[in-house]
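# Structural characterization, general
Below are the chains, spelled out letter by letter.
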Amino acid sequence: MNPDRLIYLDNGATSFPKAPGVVEAVARFLEREAGNPGRGGHRLTVAASRVIEGAREDVASLLGADPERTLLGPGATFWLNTVLSARLRPGDRVVTSALEHNAVMRPLRELEASRGVEVVVVRGDDPDGLPTADDFKHQIEATPTALVVLTHASNVTGAVLPVAKIARAVAPVPVMVDGAQTAGSIPMDFSDIGVAAYVCSGHKGLLGPPGVGVLLLDENFEVEPLVRGGTGSRSESEEMPTNLPDCLEAGTPNGPGIAGLGAACRWLTEHGVVNVSEHEQRLVRRLADGLREIAGVILHGWRDDASHTGVLSFTIAGQDNGELAARLDRERGIMLRAGLHCAPAAHRRLGTFPDGTLRAGIGPFNTEDDVDGLVGAVREFSILSS
Ligand SMILES: Cc1ncc(COP(=O)(O)O)c(C=O)c1O
């Protein structure tokens, strides 16, 4: 297999390649800036602090957030756990969608068991599980609700949820959005969508390295830390500082990862998320059009008239998803993901549990040739099996 012909279509799991400038920023940090930020006053510490605070500004500016309320931590999962644990007290009620990733579902189920939190899952009438603003409104009307948490887009089908509309419908109940599948891939202005908290991964649509996630907080939404430790500030105290970002950012941060994320956000700002979005949507439509012409292929949760990310799920009647994914990789150099994509609830809702789907995830650096390569290979494999 010619390594130049490898086709990466798993951007829903993590983006590859990363944005131009990311590798250089990571290397520069490790070679020239790798002090421990905020700990001491020597030049490498100052250099590291400058990189981290610069990256925070770059992330905030891309996502329309206040840098002082933009938190950088180890990942989206960490921030989702932090907010859920901080905001859900014993006996509280939380409303969520049926399309959530386990990064939301597992902490919710744990809080249900350990604190008696009531978890209400909005199934909606829509065949693809897409909830409407009215579905959420209906759920919070009769009973006091502490929090609404929902994904901005399904990581299984790519369908985008109307989060701003839902936030307006459930106000004043605070809403946390899981933007792991959308940040950097579809335009989002945090100052405008009216949600209390927004969480995303640095390594997916934001095109940075793994090991960094982002939490954006509205000015009226306070969150207790999940993890406590050194911050470099108020070292005389055995209590956590109460000011942001220190109160939520305990421990040495992932300097190289954050440096890379800053570079990625600068590239996205320059290139334009709207252009990324248009590119990915054009290619995912091309993929949907190509795949649905093939006998036996079923698209899951795809709609021509709906808003989508670059993610598309499909199956081929009578074929095993795992074997197909392995063949695509081995014989054609095409990388995509088979299975449940850490979202069993979504597959139950879509009727694809327990086998799951094959999921293609298009990124900003994919081309028409990549999409056509996948369509061609699926056509050939499905003919051979019939
Ligand atoms: C919708 C959604 N939420 C949360 C996560 C968790 O992100 P991370 O693994 O970067 O913490 C993912 C990752 O796949 C996701 O797709």
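Heads up: the structure comes first, above all this text.
These numbers were taken from a predicted model, which means no experiment stands behind them.

To continue, consider the overall build of the protein. The number of helices and strands found in the protein is twelve helices and 13 strands. Computed over C-alpha atoms, the radius of gyration of the protein comes to 21 Å, within 12% of the 21 Å expected from 2.2 N^0.38 for 386 residues, which places it in the range of a compact globule. Seen through its C-alpha atoms, the protein measures out along the principal axes to roughly 70 × 55 × 35 Å. The proportion of buried residues among the 386 residues of the protein is 56%. Put simply, 68% of the contacts in the protein that link residues at least 6 apart link residues at least 24 apart. Taking the average place of the 36 positive charges on the side chains of the protein and the average place of its 50 negative ones, the gap between the two points comes to 2 Å.

Take unusual backbone geometry next. Residues Ala171 and Pro172 are joined by a peptide bond in cis, for which omega reads 5°. Cis geometry marks the peptide bond from Phe353 to Pro354; its omega dihedral reads 5°. Along the chain, Pro354 turns up in the loop between helix H11 (344-350) and strand S13 (357-361). A positive phi angle is found at His341, which is not glycine, with a value near 55°. With respect to the element layout, His341 can be found in the loop between strand S12 (337-339) and H11.

Taken together, the neighbourhood of the ligand is formed by Ala76, Thr77, His101, Ala103, Thr151, Asn155, Asp178, Ala180, Gln181, Ser201, His203 and Lys204. At a separation of 2.6 Å, a nitrogen atom of the ligand approaches a polar side-chain atom of Asp178. The separation between an oxygen atom of the ligand and a polar side-chain atom of Gln181 is 2.8 Å. More than half of the atoms of the ligand fall within 2 Å of the grid points belonging to the second largest pocket. Of the residues belonging to the shell around the ligand, the class tally is three nonpolar, seven polar and two charged.

What follows concerns a negative patch on the surface. Among the surface-exposed residues, Glu57, Asp66, Glu68 and Glu219 lie close enough to one another that they form a single negatively charged patch. Its place among the elements puts Asp66 in the loop between helix H2 (43-63) and strand S2 (70-73).

As a further point, take the pattern of salt bridges. A side chain of one charge can pair with a side chain of the opposite charge when the charged atoms of the two come close. This structure, assessed with the given rule, holds 21 salt bridges. Note that Glu224 and Arg228 form a salt bridge whose closest N and O atoms lie 3.6 Å from each other. The residues Glu224 and Arg228 share a single accessibility class, namely exposed. A salt bridge links Arg327 to Glu331, with the shortest nitrogen-to-oxygen separation between them at 3.1 Å. With Arg327 and Glu331 both in helix H10 (residues 321-332) and four residues apart, the pair spans about one turn of that helix. For Glu331, a relative accessible area of 34% corresponds to the partly exposed category. Linked by salt bridges that have partners in common, Arg282, Arg286, Glu368 and Asp372 make up one network.

On to the layout of surface pockets. Unoccupied space between atoms shows up once a probe the size of one water molecule is rolled over them. If you add up the space inside the largest pocket, you get close to 400 Å³. Of all elements in the fold, only H2 and S2 reach the threshold of two or more residues within the lining of the largest pocket. The greatest single-element share of the lining of the largest pocket, amounting to four residues, is contributed by H2. Its residues placed into classes, the lining of the largest pocket shows twelve nonpolar, eight polar and five charged. Its volume calculated, the second largest pocket comes out at about 260 Å³. Lining the second largest pocket we find 23 residues, and of these Thr77, His101, Ala180, Ser201 and Lys204 sit closest to its centre. The dominant element in the lining of the second largest pocket, judged by the number of residues it contributes, is helix H3 (residues 76-87), at three residues. Grouping the amino acids of the lining of the second largest pocket by side-chain chemistry returns nine nonpolar, ten polar and four charged.

Cut-offs applied
Residues numbered from 1 in each chain as written. Predicted model: local features only at pLDDT ≥ 70, side-chain atom pairs only at ≥ 80, totals over all residues. Heavy atoms only, no water. Helix = DSSP H or I, 4+ residues; strand = E, 2+ residues; numbered from the N terminus. Rg over C-alpha atoms; globule rule 2.2 N^0.38 Å. Buried < 20%, exposed > 50% of the residue type's maximum accessible area, 1.4 Å probe, protein only. Contact = heavy atoms within 4.5 Å. Lys, Arg positive; Asp, Glu negative; His and termini not counted. Charge placed at Lys NZ, Arg CZ, Asp CG, Glu CD. Near = heavy atom within 4 Å. Polar contact = N/O pair within 3.5 Å; in protein donor to acceptor, adjacent residues only side chain to side chain. 1 Å grid on protein atoms, 1.4 Å probe; cavity = no way out; pocket = protein on both sides within 12 Å on 5 of 7 lines; lining within 4 Å. Sits in = over half its atoms within 2 Å of the grid points. Nonpolar A, V, L, I, M, F, W, Y, C, P; charged D, E, K, R; others polar. Patch = residues over 30% accessible without salt bridge, like charges linked within 9 Å, V, L, I, M, F, W, Y side chains within 5 Å. Areas by Shrake-Rupley, 256 points an atom, 1.4 Å probe, with all protein chains shown as cover. Salt bridge = Lys/Arg side-chain N within 4 Å of Asp/Glu carboxyl O. Points joined across faces, edges and corners; volume = space filled by probe spheres on them.

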